[in-house]
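An overview of the molecular structure
What follows is the residue order along each chain.
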There are 2 protein chains.
Amino acid sequence: MKHIDIAKLYKTKEDFIDTKVTVCGWVRTSRDSKNMAFLELNDGTCLKHLQIVLDKSALNQIQDGILDLGAALKIEGILVKSQNGDSIEVNAEKIIILGRCPLDYPLQKKRHGLDYLRTIPHLRLRTNTFNAMLRIRDAVSIAIHEYFSANNYVWVHTPILTGSDCEGAGEVFRVTTHAWDAKFKNEDAYSKSDFFAKQAGLTVSGQLEGEMAAMALGKIYTFGPTFRAEKSNTTRHAAEFWMIEPEIAFAELEDILEVAEELIKYIIGAVLDKCETEIKLFDAHFENGLIDKLRGVLSSDFEVLTYTKAIDLLKKAKGIEFKFPIEWGLDLQTEHERYITEVIFKKPVFVTDYPMGIKSFYMKQNADGKTVAATDLLLPGIGEIIGGSQREDDYDKLLKAIKDRGMNAEDYKEYLELRKFGSCPHGGFGLGLERILLYITGIGNIRDVQLFPRTVGYMA
Amino acid sequence: MKHIDIAKLYKTKEDFIDTKVTVCGWVRTSRDSKNMAFLELNDGTCLKHLQIVLDKSALNQIQDGILDLGAALKIEGILVKSQNGDSIEVNAEKIIILGRCPLDYPLQKKRHGLDYLRTIPHLRLRTNTFNAMLRIRDAVSIAIHEYFSANNYVWVHTPILTGSDCEGAGEVFRVTTHAWDAKFKNEDAYSKSDFFAKQAGLTVSGQLEGEMAAMALGKIYTFGPTFRAEKSNTTRHAAEFWMIEPEIAFAELEDILEVAEELIKYIIGAVLDKCETEIKLFDAHFENGLIDKLRGVLSSDFEVLTYTKAIDLLKKAKGIEFKFPIEWGLDLQTEHERYITEVIFKKPVFVTDYPMGIKSFYMKQNADGKTVAATDLLLPGIGEIIGGSQREDDYDKLLKAIKDRGMNAEDYKEYLELRKFGSCPHGGFGLGLERILLYITGIGNIRDVQLFPRTVGYMA
């Protein structure tokens, strides 16, 4: 590359001061005066702009369009220390317009609302907010790889196209190569003549395949897109989102909790470390106290609390009227989860050992005959961020759980075989990437922590 | 975790010698004699087994099943230096069977063929071959993140669900929530009442969205699953595979070549460095000379050759009869590509500046009016591994290219707008993860470098 990233100029400015540099970028602001003009150039590689100083007498002329908001420029000049403070600026010697930007550019200098920005998904990425969000999304994603790599996990790519419905929730997108009006006698004929010669859908979780990999490689994780055809049009639901699902052989529930706590702290530590500028933007404009909240997570020991104890505590709660009933056997609602983390413990809480009836078929049945070795990690301000469990490793118990739920055991033949050939205690959890991004940035709508969101009725 | 990964024991054995350790794993081989028994334990965390020594007089008894191939065990014992050489072994003091393994275990001690292993996809992962392949797949994937992260690229998650068909190739899986026999008057009514209120399909490339991100963040890359509903049942085609697609603003074709060469060398260097044991397995059993081949790539300067020169050289080729015609304007076939890399240059070759007619609409039109600023990177022994280009950044030229191909310009409105608001030279390339894995491992079938392959008529 013949030009230098602005991020690199800032990081290693001492190497470049008083030398000639070439930079490229888009005009973010400009100011014209009699003898001089100034513009702030941003090339996307960092939030910070670079000030370009145009001495009109030195430059032959200032070409039309150079000072227009959004124009793409290539600039040669001398990098110097800026006069006010210890920043840097470039005294331009040559400016080339790579692409002009007309005045009807939908991103004007004023602060645009997120609602408006959602109507220009391809251009909203150029705002400071989205630059910062995407940079944090990257930092979180890379931190996840770092954590698992350092701990000897193997990243496996579980399939997106799948015939199974892990959660049995029925919210699976169908995938086909048949034409919209293809005619068949029955569903079976339709499926058999389709691309895979069977029904296909988009994965709702890589867990079942992840277990197969963990029972071979010991410690694995998945990190990929996941799909739910949920028709909920809320600020928390997306049809496509990214999930991280570690799965660990020879692990019991307490090991799962340990890994989950370590991972969350590693991610938050990495973001605070690498994205100081970006996090400050969100602290200032989206959630006051964000940085303190994140530091608080780092320094706290996560609480561990059984579901049964949680119900006891909620029943004894004073000075609050819950909308939903509190009774052993019913699922905890967001109001309950928030009360536990925000009022009682004021820190992250693992709730464990939920009633069997409200959890999935694959969870390890506890000796009490009533609960399963499952956990949800609840964070103050957002509620559940991780769901996990030890898996049922007993062939007969798992088979019964499948049959009790009216599921077809034949569909789980290979999954069951993991319990036949060298079964062992194992478990894992799922972390939604978007959910932790909402928590880390203070952004309120899942549509604003994704590049191009897909939600019911909407595909940008 | 209360037990120690076998990989960790090997890596830091000095810390553990003559101390009590707990290890878990599956029995890979066992040998019984009068007073002693021996077994090789593998926990998946590395290729290497750990030898466990059972002194029958010290242990009360050897429980039934402990020596069975595939059984899952938990073992406490003293880690000692092995008697023959400087390896390590464990003198067992306590052995717990976590899960027995019956004698009809489909993975017996003999070497199984890849064809047979494909019939037991959930169990083949437990073989040395698949452990090594998946560990290399992980190392390659992590190396890709390392390379881009170190160079200040942002990993963006381009959508899987999409309405556009980047290559216009028509090999797109349809996605719907309609029932298989849903009745509608016409395609429009079908689409409008579907989940997204429009037609949806699975992405064939993240490039178009990647360009939108690059025109905001400067340097981005995608790394995710990609789909082609190609009905080719070959050893090279899969319906689902992973792609890496960097996209760089302010870059021209020569910059793209530079990044591609650096990336390939970084990946291969990382694998040679981190996966010595695994690569040796493939050199021994899959491709003799594999390690030398990979080292050769590291030490070579990749050749750069225009398509026009390539045609000249092929026309002059002596001592070979090509099956396909060689003529300016026709695409290069595998036999041509292999001749160029294997016979003429004996190293990786970038072919550049292809005829406009055989390349995609979005490629930058060269000044000659006949060629585009595209490149394919060809490697000896495998052919094309990367395809890339500078993108057309002129609004009018791009619009004409879209219309000339009979595509609907309205579908590319946002993509075109990138050329309206601050357009600039930019480009990128696509690297197929599976393709580089075939090259690095010497494995011949794409089905054997994936966890659970999806191909026409087949979904494990």
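Keep in mind it's a predicted model, so treat the numbers as computed, not measured.

**Points about the relation of the copies chain A and chain B**
Overlaying chain A with chain B gives an RMSD of 0.0 Å, the required rotation being 180° about an axis along which the chain moves by 0.0 Å. Taken together, these values place the two copies in the relation of a two-fold axis. Closest approach to the rotation axis among the C-alpha atoms of chain A is made by Val-175 of chain A, whose C-alpha sits 2.4 Å away. Mapped onto chain B, 100% of the interface residues of chain A again fall at the interface, so both copies present the same surface.

**Some details on the interface of chain A and chain B**
With 119 residues of chain A at the interface, the matching set in chain B holds 119 residues. Across the chain A/chain B interface, buried area totals approximately 9,600 Å², and carbon plus sulfur atoms make up 64% of it. Across the contact surface, chain A and chain B share six salt bridges. Of the charged contacts in the structure, one is a salt bridge between Asp-5 of chain A and Lys-219 of chain B, with a shortest N-O distance of 2.6 Å. Where chain A touches chain B, the interface holds 37 residue pairs in polar contact (both at pLDDT 80 or more). When residues of the side of chain A that touches chain B are assigned to their parent elements, the largest contribution, nine residues, is made by helix H4 (residues 128–150) of chain A. Looking at side-chain class alone, the side of chain A that touches chain B contains 63 nonpolar, 28 polar and 28 charged residues. Here strand S8 (residues 174–176) of chain A runs beside strand S8 (residues 174–176) of chain B; their pairing, made up of three bridges, is antiparallel. Counted as the bridge partner of Thr-176 of chain A is Arg-174 of chain B from S8 of chain B.

**Quick notes on helix H8 (residues 276–285) of chain B**
Within the sequence span of H8 of chain B, burial applies to Glu-278, Ile-279, Leu-281, Phe-282 and Asp-283 of chain B. Looking at the buried side of H8 of chain B, the elements it contacts are helix H4 (128–150), helix H7 (253–274), helix H9 (290–299) and helix H14 (433–441) of chain B.

Parameters at a glance
- Residues numbered from 1 in each chain as written.
- Chains lettered and ligands numbered in written order.
- Predicted model: local features only at pLDDT ≥ 70, side-chain atom pairs only at ≥ 80, totals over all residues.
- Heavy atoms only, no water.
- Least-squares fit on C-alpha atoms with pLDDT ≥ 70 in both.
- Contact = heavy atoms within 4.5 Å.
- Buried area = accessible area lost by both parts, 1.4 Å probe.
- Salt bridge = Lys/Arg side-chain N within 4 Å of Asp/Glu carboxyl O.
- Polar contact = N/O pair within 3.5 Å; in protein donor to acceptor, adjacent residues only side chain to side chain.
- Helix = DSSP H or I, 4+ residues; strand = E, 2+ residues; numbered from the N terminus.
- Nonpolar A, V, L, I, M, F, W, Y, C, P; charged D, E, K, R; others polar.
- Pairing = 2+ DSSP bridges.
- Buried < 20%, exposed > 50% of the residue type's maximum accessible area, 1.4 Å probe, protein only.

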